[in-house]
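Structure assessment
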Amino acid sequence: SQKIEQNSEALNIQEGKTATLTCNYTNYSPAYLQWYRQDPGRGPVFLLLIRENEKEKRKERLKVTFDTTLKQSLFHITASQPADSATYLCALRSGSARQLTFGSGTQLTVLP
Amino acid sequence: GAGVSQSPSNKVTEKGKDVELRCDPISGHTALYWYRQSLGQGLEFLIYFQGNSAPDKSGLPSDRFSAERTGGSVSTLTIQRTQQEDSAVYLCASSLRQGEGGNTIYFGEGSWLTVV
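No experiment lies behind these values; they were computed from the predicted model shown.

**Notes on the overall build of chain A**
- The helix and strand tally for chain A stands at zero helices and eleven strands.
- Of the regular secondary structure in chain A, the N- to C-terminal order runs β-β-β-β-β-β-β-β-β-β-β.
- Since a compact globule built from 112 residues should have a radius of gyration of about 13 Å, the 13 Å found for chain A is in line with a globular shape.
- Its C-alpha atoms put chain A at 45 × 30 × 20 Å along the principal axes.
- A total of 112 residues make up chain A; the buried ones form 44% of that total.
- The averaged location of the 10 negative side-chain charges in chain A is 4 Å from the averaged location of its 14 positive side-chain charges.

Structure below.
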């Protein structure tokens, strides 16, 4: 069956460190993968998209990698700040599917 | 407005009643999605509209759930005979036509439904 798994439900790190979140998938062949941020009581907000032929994508302090052999995406936040605390969701669309399928998210807490 | 607008933002209803949730997508976005998110859970796909094509209803959990989209814009999600397990946040999202912009979708703030 198809699965999207995010490595842990919660991740605590110290301010200034790099946070690394993992998204693994099985039985998908995604054309691209996206990362979203969700704050409590709010809808998810798009952060980054990476296509299947791209290895890495960067945006300011954010970096996403995509390994279609390992079926894994890593999401990095460098020089993390308490304001980065949120739940981060990965999402992918595979082949002819018209909707995005989301992982259950990783709740990141950056400690001051 | 510039973003996806949903109403009501909060709804408390008695078990067995019907509810309607409204979504006003971003102007010019032809694709519209409904997702459901239960407390502490990921997003569950419900239904997808694209232009005048037949909607993809594959995620609707039961025949008590239905949705329509009038004039290719505003959408209404209807839940009939609500049950306590229907309590969740119902999120609407819209995007440009599939294939444009990598299908990035923009979410509203959700309608929080509580069935008592």
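**A look at the pattern of salt bridges**
- What the rule picks out here adds up to eight salt bridges over all chains.
- As a salt-bridge pair, Arg58(A) and Glu56(A) come within 2.9 Å of each other at their nearest N and O atoms.
- Here Arg58(A) falls in the exposed class, since its relative accessible area comes to 57%.
- As a salt-bridge pair, Asp86(B) and Arg64(B) come within 2.8 Å of each other at their nearest N and O atoms. Residue Asp86(B) is found in the loop between strand E7 (75-79) and strand E8 (88-95), and its partner Arg64(B) is found in the loop between strand E5 (43-50) and strand E6 (65-69); the two are separated by 22 residues along the sequence.

**Overview of the nonpolar core**
- Leu33(A), Trp35(A), Phe75(A) and Tyr88(A) are the most contacted members of the largest nonpolar core, which totals 23 residues.
- The set of elements that each furnish at least two residues to this core consists of strand E3 (19-26), strand E4 (30-38), strand E5 (45-51), strand E7 (62-67), strand E8 (72-77), strand E9 (86-94) and strand E11 (106-111) of chain A.
- Those residues in contact with Phe75(A) that lie beyond four places of it in its chain are Ala19(A), Thr20(A), Leu21(A), Trp35(A), Leu47(A), Leu62(A), Lys63(A), Val64(A) and Tyr88(A).
- Val19(B), Leu77(B), Ala88(B) and Val115(B) belong to the second-largest nonpolar core, a separate cluster that totals 20 residues.

**A short note on the interface of chain A and chain B**
- With 20 residues of chain A at the contact, the number on the chain B side is 21 residues.
- Contact with chain B buries surface across chain A, with Arg98(A), Gln99(A) and Phe102(A) losing the most and accounting together for 36% of the total.
- Across the contact surface, chain A and chain B share one salt bridge.
- Notably, a salt bridge pairs Arg42(A) with Glu109(B), separated by 2.7 Å at the nearest N-O pair.
- Where chain A meets chain B, there are five residue pairs in polar contact (both at pLDDT 80 or more).
- Mapped onto the side of chain A that touches chain B, the elements with two or more residues apiece are E4, E5 and E9 of chain A.
- It is E4(A) that contributes the most residues to the side of chain A that touches chain B, four residues altogether.
- Broken down by class, the residue content of the side of chain A that touches chain B amounts to nine nonpolar, seven polar and four charged.

**Describing the state of the cysteines**
- This model, assessed by the stated rule, comprises two disulfides over all chains.
- Two residues share a disulfide in this structure: Cys23(A) and Cys90(A), whose sulfurs sit 2.0 Å from each other. On the sign convention where negative means left-handed, the S-S torsion of about 65° between Cys23(A) and Cys90(A) marks this disulfide as right-handed. Here Cys90(A) lies in strand E9 and Cys23(A) lies in strand E3, a separation of 67 residues in the sequence.
- Here Cys23(B) engages in a disulfide with Cys92(B); their sulfurs sit 1.9 Å apart. Its S-S torsion of about -70° marks the bond between Cys23(B) and Cys92(B) as left-handed, since a negative value means left-handed. With Cys23(B) in strand E3 (residues 19-24) and Cys92(B) in strand E8, this pair connects stretches of sequence that are 69 residues apart. For the residue pair Cys23(B) and Cys92(B), the accessibility class agrees, reading buried in each case.

Criteria and cut-off values
Each chain has its residues counted from 1, following the order in which its sequence is written. Key to labels: chains lettered from A, ligands numbered from 1, both in the order written. With pLDDT at 70 or above as the cut-off, local features in this predicted model cover only qualifying residues; side-chain atom pairs require 80 or more to be listed or tallied, and sums for whole chains, interfaces and linings still use all residues. The side-chain values count all of the structure's non-hydrogen atoms but skip hydrogen atoms and water molecules. Each helix corresponds to a stretch of at least 4 residues labelled H or I by DSSP, and each strand to a stretch of at least 2 residues labelled E; elements are numbered beginning at the N terminus. Every radius of gyration here is taken over C-alpha atoms, with the globule rule written as 2.2 Å times N^0.38, N being the number of residues. Three labels apply to residues, based on accessible area from a 1.4 Å probe with only protein chains included: buried if under 20% of the type maximum, exposed if over 50%, partly exposed otherwise in between. The sign given to each residue is positive for Lys and Arg and negative for Asp and Glu; His and the chain ends receive no count. The atom standing in for a charge is NZ when the residue is Lys, CZ when it is Arg, CG when it is Asp and CD when it is Glu. Within this document, salt bridges are pairs made up of a side-chain nitrogen of Lys or Arg and a carboxyl oxygen of Asp or Glu, the two lying within 4 Å of each other. The term nonpolar core refers to a set of buried residues drawn from Ala, Val, Leu, Ile, Met, Phe, Trp, Tyr and Cys, joined through side-chain atoms within 4.5 Å. Contact between two residues is taken to exist if any of their heavy atoms lie within 4.5 Å; hydrogens are not considered. By buried area we mean how much accessible surface two parts lose on assembly, using a 1.4 Å probe and totalling the loss over both. The definition of a polar contact used here is a pair of N or O atoms within 3.5 Å, where within protein one atom must be able to donate a hydrogen and the other to accept one, and adjacent residues in sequence count solely through side-chain atom pairs. Throughout, the ten residues Ala, Val, Leu, Ile, Met, Phe, Trp, Tyr, Cys and Pro are labelled nonpolar, Asp, Glu, Lys and Arg are labelled charged, and all others, Gly among them, are labelled polar. Any pair of cysteine sulfurs within 2.5 Å is marked as a disulfide.

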